[in-house]
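Close look at the chain arrangement
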Amino acid sequence: MIEGRAEDICRVERNIQLAPYTTWKIGGVADIACFPETEQELAQLLEIYPGAEIIGAGSNLLIRDSGIRGAVIILSQGLKQIALQENGDIVAEAGISCSRFAGFCSDNNLSGAEFLAGIPGTIGGALVMNAGAFGGEIWNIATAATVIERNGKRKNIDRGQLQIKYRKVDGFGNGVVIAGTFKLEQGVKTGTQEEIKKLIEQRKDKQPLDKCSCGSVFKNPVGSFAAKLIEEVGMKGFAIGDAQVSPKHANFIVNNGSASAEQIEEVMEKVIEKVRQSTGVELEPEVKIIGEKG
Ligand SMILES: Cc1cc2nc3c(=O)[nH]c(=O)nc-3n(C[C@H](O)[C@H](O)[C@H](O)COP(=O)(O)OP(=O)(O)OC[C@H]3O[C@@H](n4cnc5c(N)ncnc54)[C@H](O)[C@@H]3O)c2cc1C
């Protein structure tokens, strides 16, 4: 690894607290955090730090309290190009927020992306997670992704080359998604705007959006809902320190102020254990956990 060169490429912070870069507002210090603005900068960074952790908007990420030794590359501050192609496709870079993407589609009278409006992640993170809501999933509207592999090779991957599952996509290896291509239906601007407003209102009703969280912590088991199971076994409201199973939505664990990653993980473990003991169902985390334990 060649130290020092990253600063010649883009903004770099050393010994930086990662909590502000996650929606849980939790996470220890990273040795090095790089903020590429372009695909070229990202490719150069990967040459120096091929093993770097990738962070989008940190909205599905628990970073442990002792942080990350080595480098992280934070994509939410750059790669923000979005364009409507002549053939009607949209190409969006990884750092575009899902909300901006939904707004761009609506502005261009394209429908089908409204469900993305309330998802607080980046397009890159959404493509990797197969983010979805209200019956929609990003890979229903995405046709391809462009990836930079850890060896620096850039490649296009069509939807057919991927195994697309519930909140999981196999086929990217550990490549970094730099852009997605999307095909949407012709729509009517006012209709898509109304739909976006309606879906955001539904979120406000059901989700604790006034608290820091990572959205749904667990995947829904086949044929059931994680929130329902957690509520039924009496874990709604359960807390360790400031880490609490939301009294509003049992599949959210909220940070009531100064929760640590360790406390969030403890709450997750207790919830998994209680649901297993009471129902036999094994809950699987949807959130990704990275970093060193405290
Ligand atoms: C209030 C709230 C509501 C939410 N509602 C929903 C919802 O309705 N539906 C839903 O699906 N999710 C929801 N989420 C979770 C989250 O927003 C999504 O999973 C989102 O897609 C994550 O994107 P991100 O950019 O934040 O990714 P991050 O959390 O930063 O990263 C998630 C994972 O993807 C990897 N990653 C990120 N970007 C890239 C990239 N460009 N290339 C390669 N790997 C990458 C990271 O390394 C990590 O493993 C919600 C979260 C919150 C806080």
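Above this text you will find the structure in question.
Residues numbered from 1 in each chain as written. Predicted model: local features only at pLDDT ≥ 70, side-chain atom pairs only at ≥ 80, totals over all residues. Heavy atoms only, no water.

Taking strand neighbours across the sheet as the criterion, the three strands line up as β17-β18-β19 in an open arrangement whose pairing is antiparallel. A strand with exactly one partner marks an edge of an open sheet, and here the two such strands are β17 (239-240) and β19 (253-255). Helix α7 (residues 261-279) contacts β17, β18 (243-245) and β19 of the sheet and is inclined by roughly 30° relative to β18. (Pairing = 2+ DSSP bridges. Helix = DSSP H or I, 4+ residues; strand = E, 2+ residues; numbered from the N terminus. Contact = heavy atoms within 4.5 Å. Axes fitted to C-alpha atoms, helices over the stretch in contact; angles between N-to-C directions.)

Of all hydrophobic cores here, the largest spans 35 residues; its most connected members are F101, L116 and F182. Elements that contribute at least two residues to this core include exactly β7 (90-93), α2 (98-107), α3 (123-129), α4 (138-141), β11 (142-148), β15 (176-182) and α5 (189-206). Top contributing element to this core by residue count: α2, with five residues. Setting aside residues no more than four positions away along its own chain, L116 makes contact with C98, S99, F101, A102, I138 and I141. In this structure, A226, V233, A243 and A250 belong to the second largest nonpolar core, which totals 27 residues. (Core = buried A, V, L, I, M, F, W, Y, C linked by side-chain atoms within 4.5 Å. Buried < 20%, exposed > 50% of the residue type's maximum accessible area, 1.4 Å probe, protein only.)

Moving on to unusual backbone geometry. The residue L79 is not glycine, and still its phi comes out positive at about 45°. Topologically, L79 is positioned in the loop between β5 (68-74) and β6 (82-84). In the Ramachandran plot, F134 falls in the positive-phi region, its phi being about 50° despite a non-glycine side chain. Along the chain, the position of F134 falls in the loop between β9 (132-133) and β10 (136-137). Here F134 falls in the partly exposed class, since its relative accessible area comes to 43%.

Overall, the coordinates contain 17 salt bridges when judged by the stated rule. In this structure, the salt-bridge partner of E265 is R64, at a minimum N-O distance of 2.8 Å. Of the two residues, E265 is situated in helix α7 and R64 in the loop between β4 (61-63) and β5; the sequence distance between them amounts to 201 residues. A relative accessible area of 18% means that R64 is categorised as buried. For E286, the salt bridge goes to R167, with nearest N and O atoms at 3.8 Å. Within this pair, whereas E286 is found in the loop between α7 and β20 (288-290), its partner R167 is found in the loop between β13 (163-165) and β14 (168-170), the two being separated by 119 residues in sequence. Exposure class is identical for E286 and R167. Each is buried. (Salt bridge = Lys/Arg side-chain N within 4 Å of Asp/Glu carboxyl O.)

This paragraph deals with the site of the ligand. The local shell around the ligand holds 33 residues, among which I54, G56, S59, T122 and G132 are the closest. With respect to the ligand, the backbone of G132 contributes an N or O atom lying 2.6 Å from a nitrogen atom. Between the ligand and R167 there is a distance of 3.2 Å, counted from an oxygen atom to a side-chain nitrogen or oxygen. Those elements that place two or more of their residues in the shell around the ligand are β3 (53-55), α3, β9 and β15. Here the shell around the ligand gets five residues from one element, more than from any other, and that element is α3. In the shell around the ligand, the residues fall into 17 nonpolar, 13 polar and three charged. Mapping the shell around the ligand onto the domain boundaries places at least three of its residues in each of domain 1 (5-74) and domain 2 (82-205). (Near = heavy atom within 4 Å. Polar contact = N/O pair within 3.5 Å; in protein donor to acceptor, adjacent residues only side chain to side chain. Nonpolar A, V, L, I, M, F, W, Y, C, P; charged D, E, K, R; others polar. Domains from an automatic or database assignment.)

Turning to the side chain of N130, a few remarks are in order. Relative to the assigned elements, N130 resides in the loop between α3 and β9. Look at N130 and you get buried, because its relative accessible area is 0%. Within the local environment of N130, its side chain forms a polar contact with the backbone oxygen of K165, the two atoms lying 2.8 Å apart. Among residues more than four places away in sequence, those in contact with N130 are E137, I138, W139, I164, K165, R167, K168 and V169.

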